Amino acid sequence: MGRPWRQPVGRRLRLASLRTTFAVSFAAVTAAVTLLVGVLSYSAAARLVRVDQESVFDEVVQDLRDEVRTHRMTPDDFSSSAPGHDLVRPARTDVQVLAPDGSVADPGRPGLPVTAGDRRIAADAVAGTMVEHKDVDVGDDVYRVATVALGGGRGAVQVAQEFSDTEDLLRALQQRTLILMSAVVIAAGLFGWWLARRITRRLVILTSAAEDVARTRRLGIQVPVAGHDEVGRLGRAFDRMLGRLAQSEEDQRRLVQDAGHELRTPLTSLRTNISLLRRIDELPPDTRAELVADLGQEARELTDLVNELVDLAAGQSDTEPPQRVDLADIAEEVAGLARRRTGRSVSVRASGDTTTDGRPGMLTRALSNLVENAAKFDRDGTGPIEIKVSGPARPGPVRVEVLDRGPGIAEPDLIRVFDRFYRAADARSLPGSGLGLSIVREVALAHGGSPFAVRREGGGTVIGFTVGGD
């Protein structure tokens, strides 16, 4: 069996494009509304015209019947040469007079046909007796004819009104209505296409940008979309999304590069020391012990570096659900853990409302990094490391500070201490990877806050972060 035929994707997309769908839908709705309005308008107009014509004819016939019932009248009174004949001959009305025997005494213009019923009416003794004929063909025209008896067998008067010109007028109105409706539908289709093109133009730009990103994998594409409607909001959201994806990609690339650079040094040292292990039997005991100690230290530093890299990556994509947390409680837990690890005195001061919405694991990790960093740089200090948690007096961020009495941070380094792998010149001899404060920054930004570091009066550093805000 042959493969079933499938319409090309490009062709299907063109047929099913939003622009075409919108234009066709607009034209279809306009056509339906125009057709409905046109039909109803024509029907109402035709009915009014026909009713008006019939009312005029009925009034003429009724006036004639009242006249012949009131006065004794003869065929001569309705002769075209008799005075006052125009009283029963309004516009578009034809009058023909019949003699008592039913013959035509005064022909109409045009002449009207005389039937057997009309002859009986002419000989009728009762004035005002009437017989009516509808749709009477007289030449090329159609009339409505009413024959009224004069009474006493004196003859009758035929009154006819032409209806064919009214129907011709209605047919002309119908044709013009159809032409107008067609013109409206065509104009609506063209306007719908123009309007759809105008509305979807920015969507086409967004689609092209998305296709370019999918094809080239370049996230730095600028999306030129303006406006304040839904399409404009979509364009700005798409542009921000591309910007964040590009920044994330750049952060990942830089993280890999920086990690590779930082891992290279301990790995080189490990490789050198491992090569010395091949001759360990030739080394003095003191050198052996020093070598083993160096290997242990380098392994620990490498482990710490890997763990911090994992923590940093986890901080960027943490799936821990947010919940209501009390930063003062977290500070107490971190202080207790730091006392056991370092043997240092760690105090906690809390004021105000210290509760906020956040991820407790991430916040604990950030605060632990700050306390461990303070203990490392204030190794010989005798005063306590202070943790200060301040709640806002009005709706705003909660502030977490760690204060130490270490050597402090040089002014030029204050704005760079939160960069990845950055280490001040006087800290490069100390263990660490330069990632601890980077994790603090990532956690603060993830919670709608920001990190900060300032020099402390009297020596030392105040370093911390804010969480939440308005």
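See the structure above.
Starting afresh in each chain, residues are numbered from 1 along the sequence in its written order. With pLDDT at 70 or above as the cut-off, local features in this predicted model cover only qualifying residues; side-chain atom pairs require 80 or more to be listed or tallied, and sums for whole chains, interfaces and linings still use all residues. Derived side-chain values reflect all non-hydrogen atoms in the structure, with water molecules and hydrogen atoms excluded from consideration.

*Asks:* What exactly am I supposed to notice about the sheet that holds strand 4 (residues 141–149) here?
*Replies:* When DSSP finds two or more bridges between a pair of strands, those strands are recorded as paired. What counts as a helix is a DSSP run of H or I of at least four residues, what counts as a strand is a run of E of at least two, and both are numbered from the N terminus. Overall, antiparallel pairing links the five strands, which are arranged 2-1-5-4-3 in an open sheet. The open sheet has two free edges, formed respectively by strand 2 (104–106) and strand 3 (130–138), since each of these has just one partner strand. For this sheet, the mean inter-axis angle between neighbouring strands, taken without regard to orientation, is 30°. Where strand 1 (residues 93–98) lies against strand 5 (residues 156–162), six bridges are found, and the strand directions are antiparallel. The axes are straight lines fitted to the C-alpha atoms, using for helices just the contacting stretch, and the angles between their N-to-C directions are given from 0 to 180°.

*Asks:* Quick question: what am I supposed to make of the environment of Leu276 here?
*Replies:* Structurally, Leu276 can be placed in helix 5 (residues 230–277). On the accessibility criterion, Leu276 (29% relative accessible area) is partly exposed. Dropping the residues within four chain positions of it, Leu276 is found in contact with Leu283 and Leu291. Only protein chains enter the area calculation, which uses a 1.4 Å probe; residues under 20% of their type maximum are buried, those over 50% are exposed, and those in between are partly exposed. Whether two residues touch is decided by their heavy atoms; if any such pair falls within 4.5 Å, the residues are in contact.

*Asks:* How do you make sense of the sheet that holds strand 12 (residues 461–467) when you look at a structure like this?
*Replies:* Within a sheet, each strand pairs with its neighbour through backbone hydrogen bonds, oriented either parallel or antiparallel. Spatially, five strands are ordered 7-9-10-12-11 in an open sheet, and the strand pairing comes out mixed. Each of the sheet's edge strands pairs with one partner strand only, and the pair in question is strand 7 (346–351) and strand 11 (451–455). In this sheet, adjacent strand axes meet at a mean angle of 15° when their direction is disregarded. When strand 9 (residues 385–390) meets strand 10 (residues 398–404), the two strands line up antiparallel, connected through five bridges. Bridge pairing links Val389 to Val400 in strand 10. Helix 7 (residues 327–342) rests against strand 7, strand 9, strand 10 and strand 12 of the sheet, and its axis sits at about 175° to strand 7. Set on the sheet, helix 9 (residues 436–446) makes contact with strand 11 and strand 12; between it and strand 12 the angle comes to about 30°.

Don't take any of this as a statement about function, it's just geometry.
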